Structures are given as structure tokens and as C-alpha cells.
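Residues per chain are reported as follows:
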Amino acid sequence: MVKNNKKKKRNSKSAKLNKQNKNKQSIKQLFSPEGGWKGFFSGETLSFIVGILLLIVTIFMLLSFISYLVNGFMDQANLEEGNIRQVHNWGGSLGAITAKYFIDKCFGVCAFFIPLFLLLLSMKLMKAYSVRLWKWFMNFSVIMIWGSAALSFAERFFFPLNWTNSVAFKWGGGHGDYIRDYGTGLIGATGLFIVLIALAVLYLLYLTSETKRFIRNILNPGEYIKQKRGLKDEDIEEEEEEDNVDDSEGEENYQDEQTTQEIDLSPDRSEGTIEEEPSEENDEIQSEKTNQKLEIEATKEEDKAGSNTLSDISNLEPYDPRKDLYNYKFPSLGLLKKYDDGGPNIDMAEQTANKDRIVSLLRTFGIEITGIKATIGPTITLYEITPAAGVKIAKIRNLSDDLALNLRAIGVRIIAPIPGKGTIGIEVPNKNPKIVSMESILNSKRFKETKYDLPIALGKTITNEVFMVDLAKMPHLLVAGATGQGKSVGLNAIITSLLYKKHPAELKFVMVDPKKVEFSLYSPIENHFLAKLPDNDDPIITDVSKVVQTLKSLCQLMDHRYDLLKMARTKNIKEYNEKFIARKLNPKNGHEYMPYIVIIIDEFGDLIMTAGKEVEMPIARIAQLARAVGMHMVIATQRPTVNIITGNIKNNFPARMAFKVISGVDSKTILDRPGANQLVGKGDMLFLAGNEPVRVQCAFIDTPEVEKITECISEQQGYQSAYELPEVAMEDMGGNSNSGADAGPLDVMFEEAARLIVLHQQGSTSLIQRKFSIGFNRAGRLMDQLEKMGIVGPTRGAKPREVLIPDEVALNALLEHINAK
């Protein structure tokens, strides 16, 4: 009993202590911020606090400066006598002293630029506005220094005495007075005035190019007046031409003949260029008319040429595809993780041991070598051996397993011989491999200065060089690798490279992810970089039926783009976009800027097993034709078997990226040779885009890094929606487009669908599908019936169908006619 009582007392004491500790912890949590006071006064929070303090200082200075302009006389005597408690300044004695120092002693009225700059600095620190501080600092400094000197000069030589005596401060401050007195003593008042004017002109030239035109007009006013008169004469000539419409037929023919013979203006010619045909009539007309008359007629004829729509467009400034998202900022490299393992760490003991084992094993099999050299990469070391004369290469090629056993390595790959060299390569994994970070690749000079259209930075080679390729030239990429060998990281590296180089206006992704988890990280950038069908809610395509529709939609878009290339008489997307940017293609004729479209399909094997030929045929068609119109495919699979990667697919995907696979058969399927089965995994890969594969250590980018990148992009202004792919025509979905209208009565929802389309004036299958909550096939049949009855026009590629009925009155008349039948 006694023991039990003691235990109860101990438990009650411990319970009280725990309760007290909990109360103390709760009090600490109540009065301490999240992350502690140390975290509170660091990073973004500290910047925000400093920004608020600067804003308070700015308001105080502005109030003090303004008050000093009004109450300076009353405060001046009190400040000189030291009676600082009876000042009238709105900022008190401190405000009066501050204002007197900056305005009277320093820069005069121009001192107001100091609190204005502090205001911009506070906005920058609080991240309320994006401000280029260096630009504003330079401009404010120039204006403040020049303005101080100019006001002091004007105060001495131009301002009346009653102006200067009516204020308690110097207009240009002490700084302006010093420059004025020093300048007038050195070069005189006239010289200082010229210098001030010259400095002002130089600054205005820096600010705007309009300054040059203004100065030219001042120096040559006659030319300016002539230009003005030319415009007036042009209007007068047009009025005279209208008045002479009712003149005799012979006189009218004479004027027409005169215009057509004398002037030939084309968009390539300069303004006012006149060409005369060698005819007797022309000579007579020229002798009768004055030069002024010729100028007027040339201007009038140029107006006729200007009525050409293409000429109007070509006179505009070049089209900027980035203008809609002009403030878009590319992700910074600070979002990516840095690793300490920057360069190769040479372990001489390991290299010496490997060299001795290789030489010893080769001698065991009767193979002599004359030299051996090592090239150390991030994860692999390449040993180049020079065999002695008479040694057969085949004897060395078959020793990979023996070398792996002797070197105690995961896998050894033999290159016999190395292309372009008289040596044989033996690739041996390093005991301590290094991580190749995505940050080190994107921060490289080669990536920053690349001129590739679609640059992909994949990693580093054995020689520690950044390995980059241009997807636009490949033009399609096939990726394969067993589970957990780096295939998903490789796809993320491809996407990240493009996100860091291309603007949302220049690139769109179509992402297919049957696993539903690999590409979900990129959903936040839907309105920036993703493309999808109009009826898709999810920007990442996961449903197999939607995959088929999307691929067929891409085929339609490809055909539409080829039509535009044909109209523009260009061979590829690069030439087309150059013409469009130069305003040589008219949007009124259907032309549009073409962004690159990259289709990335993960788990291609699952799609083939589920949909088969429905997926394979459009992929093969896109792979065959889409290069010229800027559409490129990247498909990945973890099972590179012959029934998944068929001959039709392989023939159209010349570029291959192989991570470690299970067997040599899979390696031959993806690379047409063994080698991928001998890789070490963890991003070790072989890239084949020519005759021989290149061994590359893929750059590593983790999921949190991808999330930071997508968050950085999604927080910026984007387009209103994702890039819409064209709707799939029903004949492409496996049926006749007119079967729904010909084979029986109209759909019961036909009238409602017709009224919906006419009301919105938008011929969209997805609109019908969303409003009536019906399937895509039924909505497509309704659209075909609407086309058959003349309510909407045919499909127009990437654009919605044209609505042929203008209003509901015309629709009612058409429906009555249909029902009467």
C-alpha cells in the first residue's frame, strides 16, 4: 500500500510538471513566430520589414520637404537661434533639419528625387512592384545633379529678384551654387549655359530617338514645312479629283493615261520614286506639267499602292510573339539544387589498381598491349588500350564478363574499336560516382549561348563535357529503360531544358501519362505551356480514348499547318515564322504564328497493349511528316520489345536514348546493338543519333526542383486557357461524317444544339458536349447534322467551325423548313 501511495504521488508530481511544461511551451508558441525569431528576421520577411521602414521614412521626408517649401521662412529664424521646439514643419524639428539640409544645402528642389527613389526601393523590397532599381537610380541621379546646376544658373541669371527672395532656400541648393560659381569662373556664363544645354540634349538622346527628329526639324525647318505642305497638297489633290469626276470623258481618259504612264510604285520602292516610260505622249505631258504636279501625282499613286493589304502590314513593326506575355520571366537557376561534386575526383589508387588488373587479365588470355590511357568521367572511367601488332579485336571484344569479374564491377562495356581512333575502349564504373546536377548543366556556357531551336541538355559525357542535342533536328526521340534506371528523370531533364530556354508563346507540350503520376507535376503550367483538346478538363492526358482523339487532332493540326506552309510558299516552320514576324503574311488570310509542339508520351508500351494500331498509326504519321511543321515526339517505354517498338516506329525515330535494360535483346531492339544491358543504372545511358552511341550520365533533377519551377511559372501571368488543339472530325473517329444526318431522323437534341450554336456564334463540338453533358461521339454526330443542314460550315483545322446562320430569326425559319419536310 505504501509503495502504491508513493507511486501515485510520483505520478501526480510528474503530471503536474508535464502540465507546467506544456503551458510554458504554449506560451512560447503564442509569442514566438513560426520558425523562431531567427527565421523571422531572415530572408523574405526581413526584406519586407525593411521595405515597410523605408516606406515610413519616405512619407516622413516627403511631408517634411513639402512643409519646408511652405513654412521655410518661419522655421529659418528658429533653427538659426537653436529654438527647435517652435518649428512649423509637419515633420517637427527633425523634419525641418532634414529638409533644410537636403533642399537648401544639397540639391534644392531636385532633392525630391531622393524620397521618390526610396519609395521605389521600398516597393521592390516588399515585392509590391517589379522595379529595375539601377535604371531608376541612374536616371534620378542624372536629373538631380543636372537640375540642381540648371536651377542655380537660372536663379542667378533668369529668375526675377522677387522669386529668389520669396523663398527660404536656394532653388538649386548648395551643390547647384557650387557648380554654377565654379563653371562661370572657368568658362563664363555663356559657356556654362551651352554645356548645360548640351548635357540635356545628350540625356534626351539616351532616353528617346524622337530627339533626333526634333533637332533635325529645328535645324532644317524648310524640309519640315515642305512635308506638312505635301500632306495638305495630297488632300487638296484628292478633293480636286473628286470634283473632276463629272468632267468630260476625254479629259478623264487623259488624266488616267497620265497617271498610269508616269508612276510605278511598288512596296519595294522608296517614297516618292517616279518612273517614266519612254513614249512621246509622256514627254509632252512632262513638258506641260511642273515638278510640283509630278510630286502630287506620285503621292496619290502611292496611296493606291498602299491600299494593298500586304503592303499595309509590311509597313508595321515586326510581330512580337512574346508581346501577350511581355513580362514573362524565365525560371532562375536558383530554383535548382547545387551539389558539391562539381568536377571529377581522381582516386589514383583506384585507377592504378584497375590498370594493373586489366593488363594482368589481358596477358592471361595472351593479349599484349603497347599503351593504356584513362579518361575519368562522373560515373565511368574509359580506359583506352592500344593492342600490340597481330592481336585480333574479337579476342578482346568477348572479355567483358571476365573483366567485370576481375575488376569487381557492376558492368563493363567494351568498345572495339573506338571510332576514329586506333584504340579499344574499356568502360569501367567508378567506385564513388558523382552526381551531375541539372543546375551545373543549365548554368554552363554551352547551354546559355546555344542557338538550337529546341535545345535539350541531357548531362555530361565521359570527358565531362556538357552533352546537348537539338530536338528540332533529331526530329523525334525514343526513350527506353527498365524501372528505376533514370527514365523518368531523363524526361524531366528534357522538359526542364526546354522550359529554361523557350517562351510560352514559342513552345507547347502535349503530355500523355497513362500512369497518371509522372507528369502531374506540370499541371500548374497549363495556361502557359500545355496544349489539349477543348473538351479535356485535365491538361495531362491519362485516358486511352482521349489519347487516340488527341493524336488524331494533332494529325489534323499537322495537315492544317502544311496548308499554311503551302500558302506562304515556305518549306518549314522556321521560314514560315520568320515571314510572319516580318509581316509578310496576313492574318486575315488565315496565317498565324506557329509555336513548336513537343508531344511526350510515357509508358508507350501500355498504350500499345491497350489501343494497338489506333495509337501506332497516328504516331507513325506524325513521326513521318511533322518535322517540317514544328511538331516533335518523345516516347518512352520500360519494355523495349519488338511487339511494342515495331519496325514502323523505329524507322521514324532515328534518335534513341537507352537507359539500363534487362537483356541484350532489349538493347538490340532499342539501339540495334548490345550495350544498354551493360550500363550501371542511376542515369547512366547511351544516346544514339548517328552511327555510334555516346555514353552520357544523365543530369539529375528531383521532384521538389520540378515543383519549384512549375510554381515559378504558374505564378506569372499566363494565357486565358491552354493551347487548344483542333476538334477531331467524326470521319477520323471511325465513321462517316454524314451518316448521322442521312441514316434516319435527326437527334432529339438537334434543335437545342442548333439554338446553342447560333446563340454563341461558335461552332464547337466541345461546347455542345459541355452544355448538354453528353459524350463526345454524340456531340460529334450533332455537329455533323448541323453541318448537313447548313447551320455550320466544315471543319477548318485548328479553328472553330464557321456559323452560317446569323441570328435566331433565320434559325427559326430554317427549322420550320426542315420540319415541313
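The following paragraphs examine the structure supplied in this document. From a predicted model like this one, the values you see are computed outputs, not experimental measurements.

1. Describing the sheet that holds strand S1 (residues 369–376)
- Taking strand neighbours across the sheet as the criterion, the four strands line up as S1-S2-S4-S3 in an open arrangement whose pairing is antiparallel. The sheet is open, and its two borders are formed by S1 and strand S3 (413–415), each paired with just one other strand. Pairs of neighbouring strands in the sheet enclose a mean axial angle of 20°, with direction left out of account.
- Pairing of S1 with strand S2 (residues 380–387) involves seven bridges; the strand directions are antiparallel.

2. Section: the nonpolar core
- Ranked by internal contacts, the top residues of the largest apolar core, which has 109 residues, are Leu-477, Phe-509 and Ile-601.
- When residues in this core are grouped by element, the largest group, 11 residues, is from helix H22 (residues 544–568).
- Leu-782, Ile-791, Ile-805 and Ile-818 belong to the second-largest nonpolar core, a separate cluster that totals 23 residues.

3. With respect to helix H25 (residues 613–625)
- For H25, which comprises 13 residues, the first-to-last C-alpha distance of 18 Å matches the rise-based estimate of 18 Å (1.5 Å per residue) to within 8%.
- Among the residues making up H25, those that are buried are Val-615, Glu-616, Pro-618, Ile-619, Ala-620, Ile-622 and Ala-623.
- Looking at the buried side of H25, the elements it contacts are H22, strand S10 (596–601), helix H24 (604–611), strand S11 (631–637) and helix H26 (647–652).

4. With respect to the pattern of salt bridges
- With the rule as written, the count across this model stands at 25 salt bridges.
- Lys-100 is the partner of Asp-104 in a salt bridge, and the nearest nitrogen-oxygen pair spans 3.6 Å. Of the two residues, Asp-104 and Lys-100 are both situated in helix H4 (residues 92–107); the distance of four residues between them amounts to about one turn of the helix.
- The class of Asp-104 is buried, set by a relative accessible area of 9%.
- On the basis of relative accessibility, which here comes to 18%, the residue Lys-100 falls in the buried class.
- Connected via shared salt-bridge partners are Lys-487, Lys-515, Glu-518, Asp-602 and Glu-603.

Basis of the calculations
- Residues numbered from 1 in each chain as written.
- Predicted model: local features only at pLDDT ≥ 70, side-chain atom pairs only at ≥ 80, totals over all residues.
- Heavy atoms only, no water.
- Pairing = 2+ DSSP bridges.
- Helix = DSSP H or I, 4+ residues; strand = E, 2+ residues; numbered from the N terminus.
- Axes fitted to C-alpha atoms, helices over the stretch in contact; angles between N-to-C directions.
- Core = buried A, V, L, I, M, F, W, Y, C linked by side-chain atoms within 4.5 Å.
- Buried < 20%, exposed > 50% of the residue type's maximum accessible area, 1.4 Å probe, protein only.
- Expected span 1.5 Å × (residues − 1).
- Contact = heavy atoms within 4.5 Å.
- Salt bridge = Lys/Arg side-chain N within 4 Å of Asp/Glu carboxyl O.

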